[in-house]
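Read off the chains here:
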Amino acid sequence: MTVQIDAARFKNLDLKAHVDGVWVVTLNRPTKRNALDSHSIEELVEFFSAAPRAGIRAIVLAGAGDHFCAGLDLVEHHQADRSPAEFMHLCLRWHEAFNKMEYGGVPIIVALKGAVVGGGLELASAAHIRVMDQTTYFALPEGQRGLFTGGGATIRVTDLVGKARMVDMMLTGRVYQGQEAVDLGLAQYITEGSSLEKALDVARKTAQNLPLSNFAICSGISHMQNMSALDAAYAEAVLAGVVNTQPEARARLAAFADKSAERVRPHN
């Protein structure tokens, strides 16, 4: 059953649906460098829970203003003076939001600029494709703030850069920028122009795929990474059995067979 998403319900997220099935979701707290307060996390949970059932074919996640996201709203955290149990449950809501993103099956392309720091990097790492511009910088300054990551950085960012670099980033607050960040795996694309425009181009390309294929790619691979090699091979075979025989693929296979389909060619 297709669900309807009421964009007017969201205050910290700005939602725009495009006619091609691509949605642009913008973190909308520019005066806070889009820092994530508890209400923003609840809106992320609500939207990304509904997205797979709303007919959305791809999502671009961006930030208003000059920065993508500066992480946890430290002012709210300081003023709330939470107990250990209260902060643990807040962290679990962060995990709920980011798991809905990574495992939801809808391609999420994030447009990065300015600060991608702390929880902002945790948010970005839950997306499937990351596009950065020349202003983008990545850091995990938790060690200097007397904090520890709570939104999945120890899992997702470590997967991207490796354990040694993850520890170094947290201990020293080391900042990565430019091509070095791409080479380390923090982003897949770097652009001289707008990261939003490039992210939209990538999103529109992925939206042309069959939804079931995208679902398998955007959820199955992450699940398989959590399995033993033997279990992952079995799961891959089951997914391939379902996806590779879907009726909607027959026209595409026919086009390949009669040589009318676009061929894979290297860029000049």
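Residues numbered from 1 in each chain as written. Predicted model: local features only at pLDDT ≥ 70, side-chain atom pairs only at ≥ 80, totals over all residues. Heavy atoms only, no water.

Q: Provide a residue-level description of the overall build of the protein chain, including the pertinent values.
A: Counting its secondary structure elements, the protein chain contains 12 helices and nine strands. In terms of C-alpha radius of gyration, the protein chain reaches 19 Å, essentially the compact-globule figure of 18 Å for 268 residues. Expressed as a percentage of its 268 residues, the buried residues of the protein chain come to 47%. Contacts in the protein chain between residues at least 24 apart in sequence constitute 71% of all its contacts with a sequence separation of at least 6. Taken as a whole, the protein chain presents about 14,300 Å² of accessible surface, with 55% of it coming from carbon and sulfur. For the protein chain, the centre of its 26 positive side-chain charges and the centre of its 29 negative side-chain charges are spaced 5 Å apart. (Helix = DSSP H or I, 4+ residues; strand = E, 2+ residues; numbered from the N terminus. Rg over C-alpha atoms; globule rule 2.2 N^0.38 Å. Buried < 20%, exposed > 50% of the residue type's maximum accessible area, 1.4 Å probe, protein only. Contact = heavy atoms within 4.5 Å. Areas by Shrake-Rupley, 256 points an atom, 1.4 Å probe, with all protein chains shown as cover. Lys, Arg positive; Asp, Glu negative; His and termini not counted. Charge placed at Lys NZ, Arg CZ, Asp CG, Glu CD.)

Q: Before we move on, can you summarise a nonpolar patch on the surface with the specific residues and values?
A: A contiguous nonpolar surface patch, about 480 Å² in accessible area, is contributed by Leu212, Phe215, Tyr234, Val238 and Val242. Taken together, the elements giving at least two residues each to the nonpolar patch come down to α10 (211–225) and α11 (229–243). Here the nonpolar patch gets three residues from one element, more than from any other, and that element is α11. Relative to the assigned elements, Leu212 resides in helix α10. (Patch = residues over 30% accessible without salt bridge, like charges linked within 9 Å, V, L, I, M, F, W, Y side chains within 5 Å. Salt bridge = Lys/Arg side-chain N within 4 Å of Asp/Glu carboxyl O.)

Q: Break down the sheet that holds strand β7 (residues 137–139) for me, citing the residues and quoting the values.
A: Across the sheet, three strands lie side by side as β5-β7-β8; this open sheet has mixed pairing. If you trace the sheet from one side to the other, it starts and ends with β5 (115–117) and β8 (176–177), each paired once. For β7 and β8, the ladder comprises two bridges, and the chain directions are antiparallel. Looking at β8, one finds that Tyr137 is bridged to Gln177. (Pairing = 2+ DSSP bridges.)

Q: I'd like to hear about the packing of helix α6 (residues 153–161) against helix α7 (residues 163–172), residue by residue, with values.
A: Direction vectors running N to C along α6 and α7 enclose 120 degrees, while the axes themselves pass 7 Å from each other. One way to sum up the angle between α6 and α7 is to call them oblique. Taken as a pair, α6 and α7 cross one another with a handedness that is right-handed. On α7, the residues that touch Ala153, Thr154, Val157, Thr158 and Val161 of α6 are Lys163, Arg165 and Met166. (Axes fitted to C-alpha atoms, helices over the stretch in contact; angles between N-to-C directions. Parallel < 35°, antiparallel > 145°, perpendicular 65-115°, else oblique. Left-handed = near helix turned anticlockwise from the far one by under 90°.)

Q: Break down α7 for me, with residues and values.
A: Buried residues of α7: Met166, Met169 and Met170, and no others. On an axial view of α7, the arc spanned by its buried residues comes to 90 degrees, and they lie on one face. The exposed set on the far side of α7, more than 90 degrees from its buried face, consists of Ala164 and Leu171. On its buried side, α7 packs onto α4 (119–125), β7, α5 (142–145), α6 and β8. (Arc of directions from axis to C-beta.)

Q: So, α10: which residues are in play, and what are the values?
A: The end-to-end C-alpha separation of α10 is 21 Å, in line with the 21 Å expected for 15 residues at 1.5 Å each. At Ser219, α10 shows its largest bend, some 30 degrees. The inward-facing, buried residues of α10 abut α3 (84–103), α9 (195–207) and α11. (Expected span 1.5 Å × (residues − 1). Bend = angle between axes of the 7 residues up to and from the residue.)

Q: Describe the state of the cysteines, and please don't skip the residues or the numbers.
A: This model, assessed by the stated rule, comprises zero disulfides. There is no disulfide at Cys69, and the cysteine sulfur nearest it, in Cys91, is 14 Å away. (Disulfide = S-S within 2.5 Å.)

Q: Tell me about the nonpolar core, residues and numbers included.
A: Ranked by internal contacts, the top residues of the largest apolar core, which has 52 residues, are Phe47 and Phe68. By residue number, the principal contributor to this core is helix α1 (residues 38–50), which donates six residues. (Core = buried A, V, L, I, M, F, W, Y, C linked by side-chain atoms within 4.5 Å.)

Q: Talk me through the sheet that holds strand β1 (residues 13–17); I want residue IDs and the actual numbers.
A: Across the sheet, six strands lie side by side as β1-β2-β3-β4-β6-β9; this open sheet has mixed pairing. Among the strands making up the open sheet, the edge pair consists of β1 and β9 (189–191). Adjacent strand axes in the sheet meet at a mean angle of 20 degrees when their direction is disregarded. For strand β3 (residues 58–63) and strand β4 (residues 108–112), the ladder comprises three bridges, and the chain directions are parallel. Bridged to Val60 within β4 is Ile109. Running at roughly 20 degrees to β1, α1 makes contact with β1, β2 (22–27), β3 and β4 of the sheet.

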